[in-house]
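Listed here are the chains, written in short residue letters.
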Protein chains: 4
Amino acid sequence: MSTIIATTPASRAFISDNMAGASPEIVQAVADAAAGQVLPYGNDPFTVSARRRLSEIFERDVDVFMVSTGSAANGLSLAALTPPWGSVLAHPDSHIHHDECGAPEFFTAGAKLVGVPGDNSMIDPDALDAAVRRKAGDVHSVQPSAVSISQATELGSVYTVAEIRRLSAIAKDAGLRVHMDGARFANALDHLGTTPAEMTWKAGIDVLSFGATKNGAMTADAIVSFDPELATELGFRAKRAGQLASKMRFHAAQIDAYLTDDLWLHNARRANAMATRLGDGLKAIPDIALLATPQANILFCRLPQHVTEGLLAEGYVFHHDRWEPGTVRFVTSFTHSADDIDQLLDAVRRHTR
Amino acid sequence: MSTIIATTPASRAFISDNMAGASPEIVQAVADAAAGQVLPYGNDPFTVSARRRLSEIFERDVDVFMVSTGSAANGLSLAALTPPWGSVLAHPDSHIHHDECGAPEFFTAGAKLVGVPGDNSMIDPDALDAAVRRKAGDVHSVQPSAVSISQATELGSVYTVAEIRRLSAIAKDAGLRVHMDGARFANALDHLGTTPAEMTWKAGIDVLSFGATKNGAMTADAIVSFDPELATELGFRAKRAGQLASKMRFHAAQIDAYLTDDLWLHNARRANAMATRLGDGLKAIPDIALLATPQANILFCRLPQHVTEGLLAEGYVFHHDRWEPGTVRFVTSFTHSADDIDQLLDAVRRHTR
Amino acid sequence: MSTIIATTPASRAFISDNMAGASPEIVQAVADAAAGQVLPYGNDPFTVSARRRLSEIFERDVDVFMVSTGSAANGLSLAALTPPWGSVLAHPDSHIHHDECGAPEFFTAGAKLVGVPGDNSMIDPDALDAAVRRKAGDVHSVQPSAVSISQATELGSVYTVAEIRRLSAIAKDAGLRVHMDGARFANALDHLGTTPAEMTWKAGIDVLSFGATKNGAMTADAIVSFDPELATELGFRAKRAGQLASKMRFHAAQIDAYLTDDLWLHNARRANAMATRLGDGLKAIPDIALLATPQANILFCRLPQHVTEGLLAEGYVFHHDRWEPGTVRFVTSFTHSADDIDQLLDAVRRHTR
Amino acid sequence: MSTIIATTPASRAFISDNMAGASPEIVQAVADAAAGQVLPYGNDPFTVSARRRLSEIFERDVDVFMVSTGSAANGLSLAALTPPWGSVLAHPDSHIHHDECGAPEFFTAGAKLVGVPGDNSMIDPDALDAAVRRKAGDVHSVQPSAVSISQATELGSVYTVAEIRRLSAIAKDAGLRVHMDGARFANALDHLGTTPAEMTWKAGIDVLSFGATKNGAMTADAIVSFDPELATELGFRAKRAGQLASKMRFHAAQIDAYLTDDLWLHNARRANAMATRLGDGLKAIPDIALLATPQANILFCRLPQHVTEGLLAEGYVFHHDRWEPGTVRFVTSFTHSADDIDQLLDAVRRHTR
């Protein structure tokens, strides 16, 4: 445990993008925000500015609720979109299913998550089409109420705008609302080269968990709602869930700096490029199989056991024991350099021989 | 609204101690923490250090859960101390009753808050004695399960150690657990001149909401549990409630710096001293009545209407329309100087004439 | 305990109207319903008939959800009228406050009950007027969402139609919904000599807990909703709460028989008349003070201690140790005869001497 | 709809065993119970007797909570066995998964149901073994806390005592509790020819939903707990959920009569025998395939479409459109006679030709 509780050099840190610290611009913004006296609970100029930036970026007025974790963003968003007797349709691999200890069930007062399968951790439209009307109106069954899609997914895959539109259309046609878990929103956006508006509300998204923490912020994510009718409810739910920070300025300063001068896009671009570089390098190494070409900043591959062990012995930190034997995940972040990636590739090559 | 959404000079800011920013030492600690790569979710050296400091300060091993708000700290603590069919006995003036939009009910899955009265926003022991066994064992009634006391209270009063011991003894004797809402823990501690251990577990407290945000931190409070049997449950509850930060280091760095070199005590001492200075000054002004001698950093007094209006016109920000007509609250913080207080006193004197 | 777990003669049974069994007509109806094969879950002719009768009696289409207890009726009704961050305004003496072990909090996912005082266990209109807008729109506070009135109250008092109208108007004017806990609906109706429509939806009631169990049925109460928009939600909530009986016919047969040939009104009239007879008799006895002239079938009075003891020694069963010393409650039911009451009066007189 | 809301002759009623009415003995017991005055809320001789009979039948002291539906029995039982952050392992075909509109999630305050597959709607021991420790101790995941098995299953299959023992042992070894959904407990018991004790607590069951409604009662099922430590909690949970009937005697009288003179076993034997008779007859008809040999009173088979249509045209009522095309379910009950079955077989034969 002593080795775990220690700082890891960026060149060895691939367990998740949340191993990274924070962008200097965000640190500076937080430091700057610390000086003056402002009203609490979001009635401050930092919050106003963060909201305005989000509205600019999304090309429309949006309602914003800044929270301290992505789990809170997801839980509160889903609670606003489904009644307790509703079901949330999501991919079986999704974070809300597996990695939040039942947070969606807690925030929704007991709604049910229902898995809708599909390749590459992406919901299959035909499977969704079959699921959205399942037992609709049958009092014995939970009622399909919302669809939640991860963009990018937990596998690192990215829905195209057309795919999002199609899933949303299926959902909307059956009366369901649509949530996007955008913990890696910027990474997906960079991959697609589209606009935030195109990837969300123009494609039918009602509420977005807008991730910032993994991509350079410290402890701030935001719920971005495109449906003005949800704003009042989200405000009360957030307060009641302990997510209305008294010194909201410190969340807001992070989001504000994150969106200033395209910092968020630069960070995501870097992270994605590093994953691509890693993927390209690995593909060229015999005996190493990518599970998919990385689209965001997550790469899954199969490594021979001795390679994994060799990397671990060198101090590399990454997930290797969660899936089928041999399956390994590397996550890149804005803190990685081309050198870091090349060192990792060298190490893999060395151990492969 | 434009005047509200702006920075206020410290000399005018008396609405709450959460108008203050953050101590420079805490800002620096957060900046320092931003650099390296560490494991997420609290498996990092900052969290280890913060925990160790808390254990040192409380003179025993404690379990620590760092959260983003005091409402979350209170809600999670109470959820660990009462079943859904339990009741939490608290003063009718308490924050959990009035200012958390039902957060305790949310976190506990519907337990009931039951008011126990007493002077100065402090629970009366005799009233508590009558309440702890009320309908115990009666299946038709919620069951008294926990007592929650605010230290300092919402009125700025502070329980003595003997008073805490007495309330805890009454609770424990009837099988109830005891929670302390320590949003202003340091202010109370400074007033009493006692030790954290004496004011908490040695006096019968089971779980403490350890406030830091109001006294110099940014967005970090901590649940400190003195009962090892609650740790597992609190961990799952915190995660499930969206309070397990992936970059926990940033909460931890705040708490760690807060506790380093007695920063927390210095900050509280300053805030308390400013309230005392303000109280002493106001007492000397004819027509101004203190509702109580301030014990922490909150001061309630009665001001003539034209004085209140005069202060507001000068840009002073404080609560004046929440209670009986004429009742006004000033809250001081570590950011106030003696000059700030003297200016306020001058202004009151000027308007009183 | 052995004496408690035994059948008590009606002449001695005054603890509550739920000591009574069931009306023979209801028993017969249940027996008749037991014979054939019908579809489950309320898709049966008995349920259709019960609904039709309720619609006739209320002079309009109503939505009906038959449940097994009054607590379930109240909990489900309130859950349909308030969000989790809402508050339910009710008299501090009300059953939902004191006698349901937090059922409203459970069914509403943590809404808060807020007491609104008034004499005779009845909500005071001025107090309600002050409460309905308290902290409305303030995100730190639960939001007043529904008013719940007991008709008749737990004290046996009965709101006039004008009083109900006034309370409803105050609630509606502030955007709140109105619930009536009609566990003793028929008793109140008999006292007022009005119609069910006048006492409910024409006076602003949105949802009614229509009690039948205490007045001659076995295990069946009904939620009667006057707002068609609530029907879908109530259906899912009832199922999810384990209140959609598979053999719903047996609930329905009880309600149906209860409403046939004015059985419900006859039963209530009898119970009320017996309480009046008892009150008239007691008033004539020196040293006995009625707390109020009984309006329904509940009578509170003060008895000297030796009288209470004398009655208990004779096998009388009634509540005598729940309130101020000397306060005693007698509840009459449709099973009591004038002889039963006269015997009780004789006994009181005997022991008073 | 008019044809649906009508009485069906027993000879045509095969949609579920809850189409049946009630056994005459149970009707008589309810009628007998209606006469006298007893204390409410289960403090009556009928409840005492029902509890005693259950203790006799299970050959040990048991705690009993009589409720109005099987959904309530299941929901309350599971709530006592799992914390909100727990998971309940159950077969994907189970009633708690599909047919209770999220009741388990409601009663448990948001625990998660996790499917464990197996043939014939029965949990596979190896699959269970893999599931019970999945992510145990991982704060990001719900924690396996209870296993729930249906006896008999929704398919009509029955676990042997050895199979129950094996599943329980796997659960217990990993620290999980075990619940049995015995909505058709008597049918399973009859099939196995074993004792209630052997099939439950001696095989590791902690809490049982003891079904009576489907097998001859009206509106009464019981939670039977074999763990004395759960009794207090179950009592409060039941009250709070609106399941503590004031006239509990009417639930108790049903359960008491159900267990008197082996009525419950006779009823189950009849229902099972009729399913066997039907299965034997269908097997002999060309083109008709049983999906499994019926073990309890449920029979699944494949019918040609024209046969299904022919039966429907004759007024037969049964489920035929819920599964794969051609799959049809017949459920027999204690009300069916050999003649009823033979008529159905005749009809199938006629339409098959």
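Conventions we followed
Residues numbered from 1 in each chain as written. Chains lettered and ligands numbered in written order. Predicted model: local features only at pLDDT ≥ 70, side-chain atom pairs only at ≥ 80, totals over all residues. Heavy atoms only, no water. Contact = heavy atoms within 4.5 Å. Buried area = accessible area lost by both parts, 1.4 Å probe. Salt bridge = Lys/Arg side-chain N within 4 Å of Asp/Glu carboxyl O. Polar contact = N/O pair within 3.5 Å; in protein donor to acceptor, adjacent residues only side chain to side chain. Helix = DSSP H or I, 4+ residues; strand = E, 2+ residues; numbered from the N terminus. Nonpolar A, V, L, I, M, F, W, Y, C, P; charged D, E, K, R; others polar. Least-squares fit on C-alpha atoms with pLDDT ≥ 70 in both. Domains from an automatic or database assignment. Pairing = 2+ DSSP bridges. Axes fitted to C-alpha atoms, helices over the stretch in contact; angles between N-to-C directions. Buried < 20%, exposed > 50% of the residue type's maximum accessible area, 1.4 Å probe, protein only.

**Q** Which parts of the structure should I look at to understand the interface of chain C and chain B?
**A** Accessible area lost during the coming together of the parts is what is often quoted as the interface size. Between chain C and chain B, the contact holds 17 residues from the first and 17 residues from the second. Between chain C and chain B the total buried area reaches about 1400 Å² when both faces are included, carbon and sulfur atoms providing 44% of it. The three residues of chain C that bury the most area against chain B are C101, K112 and H140 of chain C, which together make up 38% of that side's buried surface. Summed over the shared surface of chain C and chain B, the result is two salt bridges. Our count for the chain C to chain B interface comes out at six residue pairs in polar contact (both at pLDDT 80 or more). Contributing elements (two or more residues each) for the side of chain C that touches chain B: α4 (95–98) and β3 (112–115) of chain C. No other element matches the three residues that α4 of chain C contributes to the side of chain C that touches chain B. A per-class count over the side of chain C that touches chain B returns six nonpolar, six polar and five charged.

**Q** When you look at the relation of the copies chain C and chain D in this model, what are you seeing that I'm missing?
**A** There are two copies of the chain, and a rotation about an axis plus a shift along that axis relates them. Rotating chain C by 180° about the axis while translating it 0.0 Å along that axis superimposes it on chain D, leaving an RMSD of 0.0 Å. Both chain copies can therefore be described as sitting about a two-fold axis. Rotation axis and chain C: the residue whose C-alpha lies nearest the axis is S68 of chain C, separated from it by 3.2 Å. Both copies present the same face, since 100% of the interface residues in chain C are matched by interface residues at the equivalent positions in chain D.

**Q** How should the domain arrangement of chain A be read in this particular structure?
**A** All names here are of chain A. Once the domains are mapped, chain A shows domain 1 (10–19 + 263–352) and domain 2 (24–261). Centre-to-centre, using C-alpha coordinates, domain 1 lies 27 Å away from domain 2. Taken together, the contact between domain 1 and domain 2 spans 19 residues of the former and 27 residues of the latter. When domain 1 packs against domain 2, the two sides together hide about 2000 Å² of surface, and 54% of this comes from carbon and sulfur. Of all residues in domain 1, L263, W264 and Q295 give up the largest surface area on contact with domain 2, accounting jointly for 42% of the area buried on that side. Here R184 makes a salt bridge to D17, at a shortest N to O gap of 2.7 Å. Counting across the interface, domain 1 meets domain 2 through 13 residue pairs in polar contact (both at pLDDT 80 or more). At the level of elements, α12 (263–283) and β9 (298–302) are the ones that each hand at least two residues to the side of domain 1 that touches domain 2. Among the elements that line the side of domain 1 that touches domain 2, the one with the most residues is α12, at nine residues. Among the residues forming the side of domain 1 that touches domain 2, the class breakdown is ten nonpolar, seven polar and two charged.

**Q** So what exactly am I meant to see when it comes to the sheet that holds strand β4 (residues 143–150) of chain A here?
**A** By definition, the strands of a sheet pair up through backbone hydrogen bonds, in either a parallel or an antiparallel sense. Residue and element names in this part refer to chain A. Strand order in the open sheet formed by seven strands is β1-β7-β6-β5-β4-β2-β3, with mixed pairing between adjacent strands. Two strands close off the open sheet at either side, each with one partner strand: β1 (63–67) and β3 (112–115). Between one strand and the next, the sheet's axes are offset by a mean angle of 25°, whatever the strand orientation. Strands in contact with helix α2 (residues 45–57) are β1, β6 (207–210) and β7 (221–225); relative to β1, the strand with the most contacts, it is inclined by about 125°. Contacts from helix α10 (residues 231–240) reach β1 and β7 within the one sheet, and its direction differs from that of β1 by about 15°.

**Q** Looking at this model, I keep getting lost on the pattern of salt bridges. Mind explaining?
**A** When the charged atoms of two side chains with opposite charge come close together, those side chains can pair. Taken as a whole and judged by the stated rule, the model has 68 salt bridges over all chains. In this structure, R269 of chain D engages D190 of chain D in a salt bridge whose closest nitrogen and oxygen atoms are separated by 3.3 Å. Residue R269 of chain D is found in helix α12 (residues 263–283), and its partner D190 of chain D is found in helix α8 (residues 185–192); the two are separated by 79 residues along the sequence. Overall, D190 of chain D belongs to the partly exposed group, its relative accessible area being 23%. One salt-bridge network, in which partners are shared between bridges, spans E59, R165, E198 and K202 of chain A.

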